[in-house]
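Below are the chains, spelled out letter by letter.
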Amino acid sequence: LFDRRLIDDPQISREEDEPFHILLLDETFVQNDRITIEYVATSCSYVLGMPYDESAELAAHAEKEGFSCLGTWAHDECVRLAGQLQNRDIVCRVVPFCEGGDRAWQARDARDESDMKRAEDTGFN
């Protein structure tokens, strides 16, 4: 989950209590035929609590451009969430924070599941 090759820059802080990102990689879409933008978007919505429209946009961007940033969390939370995505055959990596990766939908606490939209509620399963 934590690709050390991506954090070799000594100018980048990598303390575990600092924020990290989850990157969705284009490798996700070449594994098998069932991995579609809709599947990835639904999985991201379910696991991350991300609005479906944004997750579909980020999935399409990753497929076309090579990767997209799914969001920013504390290291432990990133590893937990990335593990859940990987259990759904989504190829992603946890990398240290850099400016510009924040998502507006993350303004709420991602651990508070009370208003989290589940995949089965989207009608795409």
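Heads up: the structure comes first, above all this text.
Residues numbered from 1 in each chain as written. Predicted model: local features only at pLDDT ≥ 70, side-chain atom pairs only at ≥ 80, totals over all residues. Heavy atoms only, no water.

Draft legend 1. Just the nonpolar core, in detail. Of all hydrophobic cores here, the largest spans 22 residues; its most connected members are I22, L24, V40, C44, L48, L70 and L85. Taken together, the elements giving at least two residues each to this core come down to β1 (19-25), α1 (37-48), α2 (52-65), β2 (67-74), α3 (75-86) and β3 (92-96). Those residues in contact with L24, other than ones at most four positions away along the chain, are V40, L58, A59, A62, G66, F67, S68, L70, I90, V91 and C92. (Core = buried A, V, L, I, M, F, W, Y, C linked by side-chain atoms within 4.5 Å. Buried < 20%, exposed > 50% of the residue type's maximum accessible area, 1.4 Å probe, protein only. Helix = DSSP H or I, 4+ residues; strand = E, 2+ residues; numbered from the N terminus. Contact = heavy atoms within 4.5 Å.)

Draft legend 2. Here's a closer look at the sheet that holds β1. If you walk across this open sheet you meet the three strands as β2-β1-β3, and the pairing is antiparallel. The strands lining the two open edges of the sheet, one partner per strand, are β2 and β3. Strand-to-strand, the axes of this sheet are offset by a mean angle of 30 degrees, without reference to chain direction. Judged from the five bridges that link them, β1 and β3 form a sheet pairing that is antiparallel. From the neighbouring strand, I22 faces β3, where its bridge partner is V94. Lying over the sheet, α3 contacts β1, β2 and β3, oriented at roughly 135 degrees with respect to β2. (Pairing = 2+ DSSP bridges. Axes fitted to C-alpha atoms, helices over the stretch in contact; angles between N-to-C directions.)

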